[in-house]
Amino acid sequence: MNRHVFSTAAFSGALLAAASFASPAMAQDEEFITIGTGGQTGVYYVVGQSICRLVNRLEDANIKCNAPSTGGSVANINGIKSGELDMGVAQSDVQYQAYNGTGNFEGDAYEDLRAVFRVHGEPLTLLARADSGIEELDDLEGKRVNIGNPGSGQRNTMEVVMDAKGWTEDTFALASQLDAAEQAAALADNNVDAMVYVVGHPNGSIQEATTTVDARLIPLNDEDIEGIVEEYPYYSKSVIQGGLYKGNPDDVETFGVAATFVTTAEADDEIIYQTVKAVFDNFDRFKRLHPAFENLDQEEMVTSGLSAPLHEGAARYYREQGWIE
Ligand code: GLU
């Protein structure tokens, strides 16, 4: 965060020289924070933008928050680790793996990773063109599948599915690595047969795909998926509600994770305190910012789905509210 403070000061200095309307005292107190999100048609982007909107309204804190689009969960945790990001959204499986040094983080446990709160549920969402002949997970063999950009949570979780199936990228006629925001157009343009997205519902990406091409949500409920859910504590069965998207009237069984908000132990206690305060003091407003937030429950958000320890600044606010001991 210090780096942001310095750059703010430099920026304000330039402004001052150019226009001499800014007050130097104002600039010195400002803290800039950056939240890592995901593709612009996903839900993480709205999570980050919504948190920033509430943080930027805080009158006394003087925090300037921004939430750019990023590659997703893994990119966000790596960005926090390298100091490029202060906070970020990450899937609960990725949080677990990063903190414990398992999966794609094997041998590289990030012990300073800190949980802030859990957000919405994210089912693994497999969407296939209706003309592709894909009706179940195993039908992906020999098809053109967008397995997600490296750095995204869906790529990470899809690799777990591929391992359970004994699949490699050669299992598919094409294993493309398009960013989340590019997949819907690729499906509509018939450049891929199927796309994979670990995402809250409803979201702009699946909406875009299903309104531009005839496409179906495919269930992930076979015995290999059952095996994954049994083996790993951070996966659970999940359902994508019917009727959210054109041409998909029925509930679809799958499995999934939760979106979580994370930071580093090095982040300033007061800034994290102010950030969670901004969200939970204005919780009704926050929940109205996306339909995927509708059923969020404050106490559940701070007590379940988190594997890294709570950040001290967040824990202070939750203790004050009586949500944790
Ligand atoms: N779960 C996805 C990821 O970790 C992002 C979903 C979203 O942007 O809403 O990359």
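Further up the page is the structure itself.
Thresholds applied
- Residues numbered from 1 in each chain as written.
- Predicted model: local features only at pLDDT ≥ 70, side-chain atom pairs only at ≥ 80, totals over all residues.
- Heavy atoms only, no water.
- Disulfide = S-S within 2.5 Å.
- Helix = DSSP H or I, 4+ residues; strand = E, 2+ residues; numbered from the N terminus.
- Buried < 20%, exposed > 50% of the residue type's maximum accessible area, 1.4 Å probe, protein only.
- Near = heavy atom within 4 Å.
- Polar contact = N/O pair within 3.5 Å; in protein donor to acceptor, adjacent residues only side chain to side chain.
- Areas by Shrake-Rupley, 256 points an atom, 1.4 Å probe, with all protein chains shown as cover.
- Nonpolar A, V, L, I, M, F, W, Y, C, P; charged D, E, K, R; others polar.
- Salt bridge = Lys/Arg side-chain N within 4 Å of Asp/Glu carboxyl O.

Draft legend 1. Fine view of the state of the cysteines. On inspection of all chains with the given rule, the structure shows one disulfide. A sulfur-sulfur distance of 2.0 Å marks the disulfide that ties Cys52 to Cys65. Disulfide Cys52-Cys65: the torsion about the S-S bond is -60°, which places it as left-handed. Of this pair, Cys52 sits in helix H3 (residues 44–56) while Cys65 sits in strand E2 (residues 63–66), and the two are 13 residues apart along the sequence. Considered together, Cys52 and Cys65 belong to a single accessibility category, that of buried residues.

Draft legend 2. The site of the ligand, seen in detail. In the region of the ligand, 13 residues are neighbours, and Val43, Ser73, Gln91, Gly153 and Val198 sit closest. Contact distances for the ligand include 2.6 Å between an oxygen atom and a backbone N or O atom of Val43. Relative to its unbound accessible surface of 300 Å², the ligand loses 99% to contact with the protein. Those elements giving two or more residues to the shell around the ligand turn out to be helix H6 (153–165) and strand E7 (194–198). Considering only residue class, the shell around the ligand consists of five nonpolar, seven polar and one charged.

Draft legend 3. Summary view of the pattern of salt bridges. Throughout the structure, instances matching the rule amount to 15 salt bridges. With its nearest N and O atoms 3.8 Å apart, the salt bridge here joins Lys64 to Glu30. With a gap of 34 residues between them, Lys64 in strand E2 and Glu30 in the loop between helix H2 (24–29) and strand E1 (31–36) connect regions that are remote in the sequence. With a closest N to O distance of 2.9 Å, Arg129 and Asp131 form a salt bridge. Since its relative accessible area comes to 8%, Arg129 is described here as buried. It is possible to trace a salt-bridge network through shared partners that takes in Asp138, Lys165, Asp222 and Asp224.

On their own, these measurements won't tell you what the molecule is for.
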